[in-house]
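Geometric and topological summary
If you want the building blocks of each chain, they are given just below.
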Amino acid sequence: MSAPPDPPGPPRLPLARCLVTGGSRNLGRALCLALARAGARVAFTYQRRTADAEETRAALERLGCEARVFQGAVTDGDHARKVVADLVAAWGGVDVLINNAAIFRPLPTVLTEEEDWDATLDVNVKGPYLFSRACLAPMLRAGAGQILNIAACAVDRVSELPVAFAASKGALIAMTSALAREVGRYGIRVNALSPGLCEEGMGARLHEARREDYRRLVSLGRLGTLQEIAAFAVWLVSPENTFMSGANINLDGGL
Amino acid sequence: MSDSRHALLFGGTGHVGQAVLRLLVARGVRVTFTYRRKAAAARELAAELGPRAMPAAIDLRAPAAIRALLGDLLAEPEPPDLFIDCATLGRPIALPEVSDDLYDEVQSVNVRAAFVACQTLLPAFAARGGGDVVLLTYLDGARPTPMPAHFALSQTAIIGLGQALAKEYGGRGVRVNLVQVGPLQDGVARELPIPLLADFERLSAIGRVGTADEVARAIAFLALENSYLTGQVFPVQGGL
């Protein structure tokens, strides 16, 4: 029962204008493809891995999706503004923003340099702030929008996390709640999704003993898949989910 | 996928229950739904929704009656693989006015009925490879809201029940989740004082009360499409 069932009926996000940060590989790619399968138009950003980004673009185009790809750093406010300006010019607005780009430096605190701390907080917190700010202008004009922040704190209940990473994700969850209150009255919903450990991505880089530990502790007895995390995210940003905002969903198999 | 599923729905004639029933039937699910007093409403729903909506008169205060119904359902060729509990009793009554009988009645419908059902259903789900349980819990279990004590404790008890069952049966393919509901336009919220609803609208992120359809869509998603969420409180409550 690891693959999520196909959603019923017509596409969930027909022609929705979606932007995913960090979309070149792993969960970011899975999110892009799940949005495309739901009928959306998909734009994504990436920083360095051009070959991976082109692979994601090709996969989107194979699905018949109108894809737009932007290279740049999420910590760069000008980049965020230019990406959103391009989407407004091309598509007339942005309906969905998924703040997915993140970095993870597996360092104990005594070995964490200030540069590591700053980089982690910059990418994982300032990035979502810059992209949310850029997207809010067209969303406020439209009186509608969905922002989904990918946090990853679910794991912290059973596993040690680098302190800078944990602090950044905690901040992102607090930001989710605060922004939800600020913009809810304008028809914009803001939620967070905290995936547990997955077979691919960060989970694949962990030692097998840690993965086995997770399997033992989690209710469903297995790691997740990027596809099931992405399918869940699609529902969260879809027009079917209308009375949830400021929430953080621990999609972790039951820790 | 949904065509092969059979749901047992407690409280199918209630405000949220009706919305869940309609949505599940529209998605091809066969639904056995319970009712107690609203026989006419149950008949009308069955007539409107056709053979996939199967009413069952039952008093959820009586464990023996629940077990008898489950015995019948589990003997069917296609027994339920999905349990949704939308049956909730609750009125805003001040602490000194809560009689022992009222206390017992609220706990028996809001908590014990789900416990008794899960006691029989979950081993049966597990024996056939898995299933899903979605329980409703109202925002009264959460700290920021004023709440009648006897009702609030039933809502936090159901959360404890759901989380414990998720652990006990997760390894056998059964997912158990809770949908936390905020004030809605009708149903249990009809009893709430107007100033409380005004506070909710002012303080919540979405700034309005919800509808039964909004809750039903979340329940249907968790019941039919979710594969990795379990033991969680899914907050469909406007962002308080």
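The structure presented is a predicted model; accordingly, all values stated were derived computationally and were not measured. (Residues numbered from 1 in each chain as written. Chains lettered and ligands numbered in written order. Predicted model: local features only at pLDDT ≥ 70, side-chain atom pairs only at ≥ 80, totals over all residues. Heavy atoms only, no water.)

Comments concerning the overall build of chain B
Quick reminder of the rule: A helix here means a DSSP run of H or I that spans at least four residues, while a strand means a run of E at least two residues long, and both kinds are numbered starting from the N terminus. Burial classes: relative accessible area under 20% of the type maximum marks a residue as buried, over 50% as exposed, and values in between as partly exposed (1.4 Å probe, protein chains only). Contact between two residues is taken to exist if any of their heavy atoms lie within 4.5 Å; hydrogens are not considered.
Looking only at helices and strands, one finds 7 helices and 7 strands in chain B. N-terminal to C-terminal, the α/β element order of chain B is β-α-β-α-β-α-β-α-β-α-β-α-α-β. By principal-axis analysis of the C-alpha atoms, chain B measures approximately 50 × 40 × 35 Å. In chain B, buried positions account for 58% of the 240 residues. Taking the intrachain contacts of chain B between residues at least 6 apart in sequence as the baseline, contacts between residues at least 24 apart amount to 74%.

Some words on helix H2 (residues 50-62) of chain A
Residue and element names in this part refer to chain A. Put simply, the rule is: Given a helix with a known number of residues, its expected span is that number minus one, times 1.5 Å. Arc, as used here, means the arc of the directions from the helix axis to the C-beta atoms.
Its 13 residues place the ends of H2 18 Å apart at the C-alpha level, agreeing with the 18 Å of an ideal helix rising 1.5 Å per residue. Buried within H2 we find Ala53, Thr56, Ala59 and Leu60. Here the buried residues of H2 occupy an arc of 120° about the axis, which is enough to place them on one side. Exposed side of H2, more than 90 degrees from the buried face: Ala51 and Arg62 are the residues found there. On the buried face of H2, the contacting elements are helix H1 (26-37), strand S2 (41-46) and strand S3 (67-71). With its phi angle positive at about 80°, Gly64 sits one or two positions after the end of H2.

A short note on the pairing of strand S6 (residues 188-195) of chain A
All names here are of chain A. Short version of the rule: When DSSP finds at least two bridges between two strands, those strands are taken to pair.
Burial of S6 is extensive: 8 of the 8 residues sit out of reach of the surface. Covered by surrounding structure in S6 are Ile188, Val190, Ala192 and Ser194 together with Arg189, Asn191, Leu193 and Pro195, the residues of both alternating faces. Relative to S6, strand S5 (residues 145-150) runs parallel, the two sharing 6 bridges. Paired with Gly145 across the strands is Ile188, a residue of S6. Sheet topology note: the S6/strand S7 (residues 248-251) ladder contains 4 bridges and is parallel. The residue of S7 that forms the bridge with Ala192 is Asn248.

Notes on helix H7 (residues 212-224) of chain B
An α-helical turn contains 3.6 residues, so a residue and the one three or four places further along point in the same direction. Along its 13 residues, H7(B) runs 18 Å from first to last C-alpha, staying within 8% of the 18 Å computed at 1.5 Å per residue. For H7(B), the tally of buried residues reaches 11 of 13 residues, placing the bulk of the element in the interior. Here H7(B) has its buried residues at Ala212(B), Glu214(B), Val215(B), Ala216(B), Ala218(B), Ile219(B), Ala220(B), Phe221(B), Leu222(B), Ala223(B) and Leu224(B). Summarising the contacts, the buried residues of H7(B) are in contact with helix H8 (226-236) of chain A together with helix H1 (15-26), strand S4 (82-85), strand S5 (131-138), strand S6 (174-181) and strand S7 (233-236) of chain B.

Observations regarding a negative patch on the surface
Put simply, the test is: In this scheme, patches are assembled from residues that exceed 30% relative accessible area and form no salt bridge. Like charges are connected within 9 Å, while nonpolar side chains (Val, Leu, Ile, Met, Phe, Trp, Tyr) are connected within 5 Å. Accessible surface is estimated by sampling points in the Shrake-Rupley manner with a 1.4 Å probe; for residues, cover comes only from the protein chains shown. Only one rule defines a salt bridge in this text: a Lys or Arg side-chain nitrogen within 4 Å of an Asp or Glu carboxyl oxygen. Positive: Lys, Arg. Negative: Asp, Glu. His and the chain ends are not part of the count. Where a charge sits is defined by one atom per residue type, namely NZ (Lys), CZ (Arg), CG (Asp) or CD (Glu).
A cluster of acidic residues, Glu113(A), Glu114(A), Asp118(A) and Asp122(A), forms a negative patch on the protein surface. Locating Glu114(A) in the fold gives a position in helix H4 (residues 114-142).

Some points on the side chain of Asn241(A)
Topologically, Asn241(A) is positioned in the loop between H8 and S7. If near-sequence neighbours (up to four positions away) are discounted, Asn241(A) is found in contact with Arg189(A), Asn191(A), Trp235(A) and Leu236(A).

Some remarks on the side chain of Ser108(B)
Residues and elements named next belong to chain B. Its place among the elements puts Ser108 in helix H4 (residues 100-127). For Ser108, a relative accessible area of 6% translates into the label buried. Apart from residues lying up to four places away in sequence, Ser108 is in contact with Leu60, Arg61 and Ala113.

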